[in-house]
Amino acid sequence: MTVETRFRPGERVRVMQAYPLGHVRTPYYIRGASGVIERVCGAFPNPEELAQMRSGLPKQPLYRVRFAQAEVWPDYRGGRADTIEVEIFQHWLDRAEVGE
Amino acid sequence: MSELGKYAPLTYFQLMEVSLRELLVEKGVVSDAEVDAVATDMKTRGPERGAKVVARAWTDPAYKQRLLADGTAACEELGLDVPALRLVVVENTPEVHNVIVCTLCSCYPRMLLGLPPDWYKSREYRSRVVREPRAVLAEFGTAIPDEVAIRVHDSTADMRYLVLPLRPADTEDWSEQRLAGIVTRDSMIGVAPAKAA
């Protein structure tokens, strides 16, 4: 049982800006940010469900998403080429609009 | 001065660990000897396995390609079992320097590097290295030139990360074994370079 993979490497995505209660593996600092899919890591049981003692199924695709540091931190001190990569589950991602 | 008799009371989590362990032993799920063996293995394991992987990648370009493509499979090739994790190896180049963190907790490739250092688990490292990596690396004595991009990897879910450091200059004629001796834990987390000295 696996959710279908929606995104491919190179596609631009945005992390949902949501603040649900419970055990969430999407760090606060990256919510709302947009980045590019670096790779598809595979599919894994949803940790938010596992934390509630449920099966975590269907498995959720997991991605490594690359973000520009200068966009994540408005006061970032460092080169424009500096990046941060974060593992994010598919249900936290939306396709970013063209031009973003 | 003797420390005997100066026992501090158990903390909540220590008490929970002892209670759970005693129950599991009492019910025959595990034995004391098995628990001791695993604890000893964890405590004595250092970064040697990771160093072996790095030294092989430095000396065998085809192995390096396989390692970067699938870290878990490449470790298994060397007889290193990396259970319950998917290993992603990130390569330092003259253009990009990689550094690893787990901002949410303390995920770390224990199978290859042993137990994480205390600073890796500290709130300070975890919160600062994502937003000011250059300043944090400088505090480790690692100055990254402005023209080199820094790439931070936040280990938030099911992947674990290992940095493949740059091979130091003037080590061309070194054996794989000698090279493994200079690959430090910190160089594989990405807070320091590997040095020939």
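Structure shown above.
All values reported here derive from a predicted model rather than from experimental measurement. Residue indices follow the written sequence of each chain, beginning from 1 at its first position. Chain letters start at A and ligand numbers start at 1, both assigned in the order the entries are written. At least 70 in pLDDT is required for a residue's local features to be given in this predicted model, at least 80 for side-chain atom pairs to be given and counted, and no such filter applies to totals for whole chains, interfaces and linings, which use all residues. To get the side-chain values, take all heavy atoms of the structure and skip hydrogens and water.

**Student:** I keep staring at the overall build of chain B and nothing clicks. Help me out?
**Tutor:** Helix numbers and strand numbers start at the N terminus; a helix is a DSSP run of H or I with at least 4 residues, a strand a run of E with at least 2. A count of helices and strands for chain B gives 11 helices and four strands. Viewed in the frame of its principal axes, chain B has a C-alpha envelope of about 55 × 40 × 35 Å. Exposure classes here rest on a 1.4 Å probe applied to the protein chains alone. A residue is buried below 20% of its type maximum, exposed above 50%, and partly exposed in between. Across the 197 residues that make up chain B, the buried fraction comes to 43%. By definition, residues are in contact when any of their heavy atoms lie within 4.5 Å. Across chain B, contacts joining residues at least 24 apart in sequence account for 66% of those joining residues at least 6 apart. In this description, accessible areas are obtained by the Shrake-Rupley approach with a 1.4 Å probe, and a residue is regarded as covered only by the protein chains that are shown. Surface summary for chain B: the accessible area is close to 10900 Å², and the carbon and sulfur share equals 56%. Charge assignment in this entry is limited to Lys and Arg as positive and Asp and Glu as negative, and neither His nor the chain termini are counted. In this description, the location of a charge corresponds to atom NZ of lysine, CZ of arginine, CG of aspartate or CD of glutamate. Charge centroids of chain B, computed over 24 positive and 29 negative side chains, lie 2 Å from each other.

**Student:** Before we go on, may I ask you to explain the interface of chain A and chain B in this structure?
**Tutor:** By a frequent convention, interface size equals the accessible area lost on bringing the separate parts together. Counting from both sides, the interface comprises 26 residues of chain A and, opposite them, 25 residues of chain B. What counts as buried area is the accessible surface, traced by a 1.4 Å probe, that two parts surrender upon association, with contributions from both included. Of the roughly 2000 Å² buried at the junction of chain A and chain B (both faces included), carbon and sulfur atoms supply 47%. Considering only the surface of chain A that becomes buried against chain B, A:Arg25, A:Phe44 and A:Glu87 emerge as the three largest contributors, covering 28% of it. For salt bridges, the criterion is a side-chain nitrogen of Lys or Arg within 4 Å of an Asp or Glu carboxyl oxygen. The interface formed by chain A and chain B includes three salt bridges. Here a polar contact is recorded for every N or O atom pair within 3.5 Å, except that within protein the pair must consist of a potential hydrogen donor and a potential acceptor, and residues adjacent in sequence are included only if both atoms are side-chain atoms. One can count 19 residue pairs in polar contact (both at pLDDT 80 or more) joining chain A with chain B. Mapped onto the side of chain A that touches chain B, the elements with two or more residues apiece are strand 2 (34–44), strand 3 (60–68) and strand 4 (83–89) of chain A. It is strand 4 of chain A that provides the largest number of residues to the side of chain A that touches chain B, a total of six residues. Residue composition of the side of chain A that touches chain B, grouped by class: 12 nonpolar, five polar and nine charged. Amino acid classes used here: Ala, Val, Leu, Ile, Met, Phe, Trp, Tyr, Cys and Pro are nonpolar; Asp, Glu, Lys and Arg are charged; the rest, including Gly, are polar.

**Student:** Looking at this structure, I do not really get the environment of A:Val3. What am I missing?
**Tutor:** Residue and element names in this part refer to chain A. Positionally, valine 3 belongs in the segment before strand 1 (12–15). Along the primary structure valine 3 and tryptophan 92 are separated by 89 residues, whereas in three dimensions their C-alpha atoms are 13 Å apart. Dropping the residues within four chain positions of it, valine 3 is found in contact with Pro58, Lys59, Gln60, Pro61 and Gln90.

**Student:** Honestly, the packing of helix 3 (residues 48–59) of chain B against helix 4 (residues 61–69) of chain B in this entry has me stumped. Any pointers?
**Tutor:** How two helices sit against one another is set out by the angle between their axes and by the gap between those axes. Residue and element names in this part refer to chain B. Simply put, an axis is a line fit to the C-alpha atoms, just over the touching stretch for a helix, and the angle between two N-to-C directions goes from 0 to 180 degrees. Between helix 3 and helix 4, the least distance of the axes is 5 Å, while the angle of their chain directions is 125 degrees. On the basis of the axis angle, helix 3 is oblique to helix 4. Between helix 3, through Val53, Arg56, Ala57 and Thr59, and helix 4, the contact on the second element is made entirely by Pro61, Tyr63, Lys64 and Leu67. For the contact of helix 3 with helix 4, the per-class residue count stands at five nonpolar, one polar and two charged. Note on terminology: angles under 35 degrees are roughly parallel, angles over 145 are roughly antiparallel, angles of 65 to 115 are roughly perpendicular, and the others are oblique.

**Student:** Sorry if this is basic, but what is going on with the state of the cysteines here?
**Tutor:** Residue and element names in this part refer to chain B. In plain terms, two cysteine sulfur atoms within 2.5 Å form what is called a disulfide here. Taken as a whole, this structure holds zero disulfides over all chains when the rule is applied. The structure places no disulfide on cysteine 105, whose sulfur is separated from the nearest cysteine sulfur, that of cysteine 102, by 3.5 Å. Among the residues examined, cysteine 105 registers a relative accessible area of 29% and is labelled partly exposed.

**Student:** Would you take a moment to explain the pattern of salt bridges for this structure?
**Tutor:** A side chain of one charge can pair with a side chain of the opposite charge when the charged atoms of the two come close. This structure, assessed with the given rule, holds 20 salt bridges over all chains. Among the ionic pairs, A:Glu85 bridges to A:Arg64, the shortest N-O distance being 2.2 Å. One end of the pair, A:Glu85, is in strand 4; the other, A:Arg64, is in strand 3, and 21 residues separate them in sequence. Judged on exposure class, the residue A:Glu85 and its partner A:Arg64 are both buried. The shortest N-O distance in the salt bridge between B:Lys64 and B:Glu91 comes to 2.6 Å. One end of the pair, B:Lys64, is in helix 4; the other, B:Glu91, is in strand 1 (residues 86–91), and 27 residues separate them in sequence. Through salt bridges with shared partners, a single network forms among A:Glu38, A:Arg39, A:Arg64, A:Arg66, A:Glu85 and B:Arg151.

**Student:** Quick question: what am I supposed to make of the pairing of strand 2 of chain A here?
**Tutor:** Two faces, one strand: in a regular strand the side chains alternate between the faces of the sheet. When DSSP finds at least two bridges between two strands, those strands are taken to pair. Pairing of strand 1 of chain A with strand 2 of chain A involves three bridges; the strand directions are antiparallel. Among the inter-strand pairings, A:Arg14 is bridged to a residue of strand 2 of chain A, identified as A:Ser34.

**Student:** Would you explain the nonpolar core in this entry?
**Tutor:** Here is a general trend for soluble globular proteins: nonpolar side chains tend to be buried in one another's company. We call a set of buried residues a nonpolar core when its members are Ala, Val, Leu, Ile, Met, Phe, Trp, Tyr or Cys and they connect through side-chain atoms within 4.5 Å of each other. Counting residues in hydrophobic clusters, the biggest one holds 73 residues, and the most contacted among them are A:Ile30, A:Phe67, A:Ile88, A:Leu93, B:Leu112 and B:Tyr125. At six residues, helix 3 of chain B tops the list of elements feeding residues into this core. Non-local contacts of B:Leu112, meaning those with residues more than four positions away in its chain, are made with B:Gly46, B:Pro47, B:Glu48, B:Arg49, B:Gly50, B:Val53, B:Cys75, B:Leu80, B:Val82, B:Leu87 and B:Leu162.

**Student:** What am I meant to see in the pairing of strand 2 (residues 96–101) of chain B here?
**Tutor:** Residue and element names in this part refer to chain B. In terms of burial, strand 2 is largely enclosed, as six of its six residues are buried. Across the two faces of strand 2 the burial is the same, with Val96, Asn98 and Ile100 and His97, Val99 and Val101 all buried. Strand direction decides the pairing type here: strand 2 and strand 3 (residues 149–154), joined by six bridges, are parallel. If you follow asparagine 98 over to strand 3, its bridge partner there is arginine 151.

**Student:** Sorry, what's going on with a negative patch on the surface here?
**Tutor:** All names here are of chain B. A surface patch of negative charge is lined by Glu22, Glu26, Asp32 and Asp36. Only helix 1 (12–26) and helix 2 (32–44) provide two or more residues apiece to the negative patch. Tracing the sequence through the fold places aspartate 36 in helix 2. Patch membership requires over 30% relative accessible area and the absence of a salt bridge. Like charges are linked within 9 Å, and nonpolar side chains (Val, Leu, Ile, Met, Phe, Trp, Tyr) within 5 Å.

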